[in-house]
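Residue-level structural notes
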Amino acid sequence: MKPTRDKLLHLQLLLHPAHRGAEPARAVADRARALGLTVTGVGQAALTVTATAAELRKFFPRLTQSRLSRAAALLDVPPALKDAIVSISIAPMAKYF
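In short, a report on the structure. Bear in mind the structure is a predicted one, so any value in this text is a computation, not a measurement.

Before going further, it helps to spend a moment on the pairing of strand 5 (residues 85-90). Bridging between strand 1 (residues 8-15) and strand 5 involves 5 bridges; their strand directions are antiparallel. Within strand 5, the position partnered with Leu13 by the bridge is Ile88. Inspection of the sheet shows strand 4 (residues 74-75) paired to strand 5 by 2 bridges, in the antiparallel sense. Bridge pairing in strand 5 links Leu74 to Ser89.

Here we come to helix 1 (residues 22-34). With 13 residues, helix 1 extends 19 Å from end C-alpha to end C-alpha; this agrees with the ideal 18 Å at 1.5 Å per step. Residues of helix 1 that are buried include every one of Ala25, Val28, Ala29 and Ala32, and no others. The buried side chains of helix 1 occupy one side of the element, clustering within an arc of 105° when seen end-on. Seen from the buried face of helix 1, the exposed residues on the opposite side, beyond 90 degrees, are Glu23 and Ala34. Two residues or fewer past helix 1, Gly36 is found with a positive phi of approximately 100°.

Each value, and the rule that gives it
Position numbers for residues count from 1 along each chain, tracking the sequence in the order it is written. In view of the model being predicted, local features appear only for residues whose pLDDT reaches at least 70, and side-chain atom pairs are presented and counted only at 80 or more, with totals across whole chains, interfaces and linings using the full set of residues. Side-chain calculation: all heavy atoms of the structure are included, whereas hydrogens and water are not. Pairing between strands is defined by DSSP: at least two bridges between the two strands are required. Secondary structure is summarised from DSSP: a helix means a run of H or I of at least four residues, a strand means a run of E of at least two, and numbering begins at the N terminus for each. Helices are assigned an expected span. That span is 1.5 Å times one less than the residue count. Buried residues are those whose accessible area, probed at 1.4 Å on protein chains only, stays under 20% of the maximum for their type, while exposed residues exceed 50% and partly exposed ones sit between those limits. As used here, the arc belongs to the directions running from the helix axis to the C-beta atoms.

Rendered as structure tokens:
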């Protein structure tokens, strides 16, 4: 199933080792929120973010539909988060049976 404009995509943001742990992770989450990202989870080593395809294109203007459709596609880290985030990947869509 291809994500559409209205479906939420889940992103996993891997924290740089210097920003891991409860307090540093919360600080990075606050920075992500200030950029307009919806943070849905804060862990010791990663953040979880949700966004629609349209919202993601604000941060990744060259993002294609085919790239959005691939689970675990890696995205470029926005310059404002480059010091704190190692990688951003699109999480696979959950399948319910």
